[in-house]
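The residues making up each chain are set out below.
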Amino acid sequence: MDGPDFLELFERRMAQPPPPVEAQLETLRRLGLRLTPEAEAACVPDPPYLPVLEALGRGRYDPVLGVWTPTSRQVFYMDEWAEWADEIYPLYFQGLESIAEDQVFFREIFADFRSVDRETGSGTVPISLELNRRPLCLTARFYADGPDCTILNGVNRALAAQGVEKRFFFTDGGRGEVVFFCTAAWARQFEEATLCWTSDWHLTEVDV
């Protein structure tokens, strides 16, 4: 996506005082985001915007049942990951699908953890799935406490090949990424309005 780079946006953000709470909420509403009371309550002057988006997209995870329930159909953010690593990717793809406006469906998800070293936190995880009924193979780095979000590159490549206009765009959150399913034009509007760097492409991914 063409637009300002991370450093430029950071410098612009640092050159002005943090926006007041109500101004942040109004900006997000103008962008079309439907805010919940919990998300509004999370808003603080500094850091701006991200606490609101994290609260909006976090969903609710039941560690006993291993079930995650979305709290937004526009924003996905998840920092309370599954107790068992094997559950991480099915839940991650569920989160992506929850904001995809019935345009993206993930099925038959299998992540193979047999080659990872859980003690050192190293190794790679081959992932096979169906994306809109077409097979897709991805390779993720192993992390003990969450997914390798660079697999979004492979998902977005597949969406482009399928002729889907929208992509999964992300901006940095506290322990993870805030993800939107949107057009490049909307992502640019969000970036300009909030000065939060947003992209549909990770600069690093597993080289296979």
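Look above for the structure.
What counts as what
- Starting afresh in each chain, residues are numbered from 1 along the sequence in its written order.
- With pLDDT at 70 or above as the cut-off, local features in this predicted model cover only qualifying residues; side-chain atom pairs require 80 or more to be listed or tallied, and sums for whole chains, interfaces and linings still use all residues.
- The basis for every side-chain value is the complete set of heavy atoms in the structure, and neither hydrogens nor water enter the calculation.
- Note on patches: the residues involved have over 30% relative accessible area and no salt bridge, like charges join within 9 Å, and the nonpolar side chains Val, Leu, Ile, Met, Phe, Trp and Tyr join within 5 Å.
- The Shrake-Rupley method, run with a 1.4 Å probe, gives the accessible areas here. Residue values count only the displayed protein chains as cover.
- When a carboxyl oxygen of Asp or Glu lies within 4 Å of a side-chain nitrogen of Lys or Arg, that pair is called a salt bridge.
- Every helix listed is a DSSP run of H or I at least four residues long, and every strand listed is a run of E at least two residues long, numbered separately from the N terminus.
- Each residue is assigned to one of three classes by its accessible area relative to the maximum for its type, calculated with a 1.4 Å probe on protein chains only: buried under 20%, partly exposed between the two thresholds, exposed over 50%.
- Pairing of N or O atoms within 3.5 Å defines a polar contact, subject to two protein rules: one partner must be a possible hydrogen donor and the other a possible acceptor, and residues neighboring in sequence count only if both atoms are side-chain atoms.
- Only heavy atoms matter for contacts: two residues are in contact if any of them lie within 4.5 Å across the pair.
- Ring geometry is summarised as follows: Phe, Tyr and Trp rings, the Trp one being its six-membered ring, pair when their centres sit within 6.5 Å, and such pairs are stacked at plane angles under 30 degrees, edge-to-face over 60 and tilted between the two.
- To qualify as a nonpolar core, a set must consist of buried Ala, Val, Leu, Ile, Met, Phe, Trp, Tyr and Cys residues joined through side-chain atoms within 4.5 Å.

K.L.:
Talk me through a nonpolar patch on the surface; I want residue IDs and the actual numbers.
P.N.:
Together, Phe6, Leu7, Phe10 and Met14 make up a nonpolar patch on the protein surface, roughly 410 Å² of accessible area in all. With respect to the element layout, phenylalanine 10 can be found in helix H1 (residues 6-14). Judged by relative accessible area, phenylalanine 10 falls into the partly exposed class, the value being 34%.

K.L.:
So what's going on with the side chain of serine 199? Residues and values would help.
P.N.:
Structurally, the position occupied by serine 199 is in the segment after helix H7 (184-194). A polar atom in the side chain of serine 199 sits 3.0 Å from the backbone nitrogen of tryptophan 201. Ignoring any residue separated from it by four or fewer positions in sequence, one finds serine 199 in contact with Phe168, Phe169 and Phe170.

K.L.:
Break down the packing of aromatic side chains for me, with residues and values.
P.N.:
Applying the stated rule across the entire model yields 11 aromatic pairs. Ring plane angle 75° and centroid distance 5.4 Å describe the contact between tryptophan 68 and phenylalanine 76, whose orientation is recorded as edge-to-face. The exposure classification of tryptophan 68 matches that of phenylalanine 76, with both residues buried. Measuring from centroid to centroid gives 4.9 Å for phenylalanine 168 and phenylalanine 181, while their planes differ by 45°, and the two rings are tilted. Here phenylalanine 181 lies in strand S7 (residues 177-182) and phenylalanine 168 lies in strand S6 (residues 167-172), a separation of 13 residues in the sequence. You'll find phenylalanine 168 and phenylalanine 181 in the same group, each marked buried. Cluster of aromatic residues (ring-pair linked, three or more members): Trp68, Phe76, Tyr92, Phe93 and Phe106.

K.L.:
An account of the nonpolar core is needed here, citing residue identities and associated values.
P.N.:
Within the largest apolar cluster, 36 residues are counted, with the highest numbers of intra-cluster contacts made by Tyr89, Phe93, Leu96, Phe106, Ile127, Val155 and Phe168. Of all the secondary structure elements, the ones that give two or more residues to this core are helix H5 (88-98), strand S3 (106-111), strand S4 (124-131), strand S5 (134-141), helix H6 (152-161), S6 and S7. Among the elements that make up this core, the one with the highest residue count is H5 (6 residues). Membership of the second largest hydrophobic core comes to 22 residues, among which are Leu28, Leu35, Ala39 and Phe169.

K.L.:
So what's going on with unusual backbone geometry? Which residues, and what values?
P.N.:
Following aspartate 46, the chain continues to proline 47 via a peptide bond in cis, the omega torsion being 5°. Among the secondary structure elements, proline 47 is positioned in the loop between helix H3 (37-41) and helix H4 (50-57). Here tyrosine 49, not a glycine, exhibits a phi torsion of approximately 70°, which is positive. Tracing the backbone through its elements, the reader meets tyrosine 49 in the loop between H3 and H4. Look at glutamate 101: it is not a glycine, yet its phi comes out positive at around 55°. Along the polypeptide, glutamate 101 turns up in the loop between H5 and S3.

K.L.:
How would you explain the pattern of salt bridges if you had to name every residue and give the values?
P.N.:
Inspection of every chain in the model, using the stated rule, returns 11 salt bridges. The partner of arginine 29 in a salt bridge is glutamate 40, with the nearest N and O atoms 3.1 Å apart. Taken together, the positions of arginine 29 in helix H2 (residues 21-30) and glutamate 40 in helix H3 put the pair 11 residues apart, joining distant regions of the chain. The class for glutamate 40 is partly exposed, based on a relative accessible area of 29%. Two residues, lysine 166 and glutamate 101, come together in a salt bridge whose shortest N-O distance is 2.7 Å. In this pair, lysine 166 sits in the loop between H6 and S6 while glutamate 101 sits in the loop between H5 and S3, placing the two residues 65 residues apart along the sequence. Each of the salt bridges in this network shares a partner with another, and the network as a whole consists of Glu8, Arg12, Arg188, Glu191 and Glu192.

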